[in-house]
Each structure stands twice: as C-alpha cells, then as structure tokens.
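# Reading the structure
Single-letter residue listing:
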Amino acid sequence: DLFVRGTDNQLYQKTMTGQSCGSVDWQPRGGYLTSAPAGVSYSPNAVTVWALGSNGKIWFSGLYNGSWHDWYEWWVPHTVFGGGLGVTGNGMVWMNQPGNITMYDNQEGRSYNLGYPCPFSVCYWRTGTLDIPSAATWGYPRFDVFIESAGDVYHKWRN
C-alpha cells in the first residue's frame, strides 16, 4: 500500500496487486492531513496510517477486518513540531520542539524523550534540511531514529 496526502489534504491509498499498481486507482480515505502520512502494518491485511490533523495533533485511521475505519485523535498527550512523524511496528517518533525528539513505545505504552540525536553514526548521503525524523526497527525493543541536520544524517537508537 502507498499513502499520500492529496492536494485536497485528505489521505489517498493505492494498493499493489500482483506485480503492478498501475491498474488500481487512488482511493480517497478521508481526513484532513497537515503532514505526510506514515503507514505501518502490524499484521497481514491490516494497516494503520498516522498523520497530523488540522488541530496539530496526531490522528490515525486504518484498514482492519476488510473495512477502512474513521479517523481518530490519538489519546497520548503530545506536542509535534516540524510537521511529521516516523512510524514502525514498535512505535513512532516526532519532534517535540526544535531539535528534540520524542519516541512512543507501543509495547510499554509510554513516551521517551530522546533529546537531540547524538552523532553516534554520521552518514553523508544527502543535503538539505529534514525536520521530520525517520524510524526503523528490526525487532522489539530495538528502535532506530534518523534525522538530518545541516546535511549530515544522525542516528540514535534505543535497545
């Protein structure tokens, strides 16, 4: 599944069937997004999409049991700065103020302040400014966060 924010600010989904997604039309999935969507699949035939809503808070919707569900505001107290989220099966990350990252752990049901990403591993793979952290994981409790600052990519992790 591919998710994008449309020019009308709602979520659109394109599902790949077989080897191509060219024959499947973009499907509107509602909402009023103010950030790029971040999707994650926690199990086969189920996907959850997260994005910032018009009130600046984190909202989610998804496909479960064959039906697309309404949008709901996430119950976790949060402040999002910079306009985006990074999501994995273990949780999500966002900027809670300029240069400071919060991670929410799905298993523990709580947030952690990760601070500014320390330059444990610096990679020079692009230039520009990225104010939205990316998240990756290979299994719980490992959680990797990547963010770019002044052309350098910084990596911070939690075990």
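Moving on: the overall build of the chain. Counting secondary structure elements, the chain contains zero helices and 16 strands. Taken across its 159 residues, the chain has 42% of its residues classed as buried. Of all intrachain contacts in the chain linking residues separated by at least 6 positions in sequence, the fraction that spans at least 24 positions is 36%. Working note: accessible area of the chain is about 8,600 Å², and carbon and sulfur atoms make up 53% of it.

This brings us to the sheet that holds strand E2 (residues 11-14). The antiparallel open sheet is built from three strands, whose spatial order is E1-E2-E3. Looking at the sheet topology across the chains shown, the edges are occupied by strand E1 (2-5) and strand E3 (27-28).

Quick look at the pattern of salt bridges now. A side chain with one charge can pair with a side chain of the opposite charge if their charged atoms come near. Enumeration over the complete set of coordinates arrives at two salt bridges. Notably, a salt bridge pairs Glu 73 with Lys 57, separated by 3.9 Å at the nearest N-O pair. With Glu 73 in strand E8 (residues 72-73) and Lys 57 in the loop between strand E5 (46-52) and strand E6 (58-64), this pair connects stretches of sequence that are 16 residues apart. For Glu 73, a relative accessible area of 35% puts it in the partly exposed group. Looking at Lys 57, the relative accessible area reads 36%, which means it is partly exposed. Across the salt bridge formed by Asp 144 and Arg 142, the nearest N and O atoms sit 2.8 Å from each other.

The predicted model of the chain averages 78 in pLDDT, with 81% of residues at 70 or higher. The low-confidence segment residues 118-130, where pLDDT is below 50, has 29 contacts with residues more than four positions distant or belonging to other chains.

Okay, the nonpolar core next. The biggest cluster of nonpolar side chains holds 13 residues, and the ones touching the most others in it are Trp 50, Ile 58, Trp 74, Leu 85, Val 87, Met 92 and Trp 94. Filtering out sequence-adjacent residues up to four positions away, Trp 74 remains in contact with Trp 50, Ile 58, Trp 59, Phe 60, Met 92, Trp 94 and Tyr 104. With eleven residues, the next largest nonpolar core counts Met 95, Tyr 112, Leu 114 and Phe 143 among its residues.

Quick look at a nonpolar patch on the surface now. Taken together, the side chains of Leu 2, Val 4 and Trp 26 define a hydrophobic patch exposed on the protein surface, amounting to about 240 Å² of accessible area. Positionally, Val 4 belongs in strand E1. On the basis of relative accessibility, which here comes to 31%, the residue Val 4 falls in the partly exposed class.

What follows deals with unusual backbone geometry. Of all residues except glycine, most have a negative phi; of all peptide bonds, most are trans. A positive phi angle, close to 60°, is found at Asn 45, a residue other than glycine. Of note, Asn 45 is situated in the loop between strand E4 (38-43) and E5. The backbone phi angle of Asn 65 is positive, close to 50°, even though this residue is not glycine.

Looking now at the side chain of Thr 48. Within the secondary structure, Thr 48 is located in strand E5. At 2.5 Å, the side chain of Thr 48 forms a polar contact with the side chain of Tyr 64. Each residue touching Thr 48, except ones within four places of it in the same chain, is listed here: Ala 38, Gly 39, Val 40, Tyr 42, Phe 60, Ser 61, Gly 62 and Tyr 64.

Thresholds, definitions, all that
Residues numbered from 1 in each chain as written. Predicted model: local features only at pLDDT ≥ 70, side-chain atom pairs only at ≥ 80, totals over all residues. Heavy atoms only, no water. Helix = DSSP H or I, 4+ residues; strand = E, 2+ residues; numbered from the N terminus. Buried < 20%, exposed > 50% of the residue type's maximum accessible area, 1.4 Å probe, protein only. Contact = heavy atoms within 4.5 Å. Areas by Shrake-Rupley, 256 points an atom, 1.4 Å probe, with all protein chains shown as cover. Pairing = 2+ DSSP bridges. Salt bridge = Lys/Arg side-chain N within 4 Å of Asp/Glu carboxyl O. pLDDT = per-residue confidence, 0-100. Core = buried A, V, L, I, M, F, W, Y, C linked by side-chain atoms within 4.5 Å. Patch = residues over 30% accessible without salt bridge, like charges linked within 9 Å, V, L, I, M, F, W, Y side chains within 5 Å. Polar contact = N/O pair within 3.5 Å; in protein donor to acceptor, adjacent residues only side chain to side chain.

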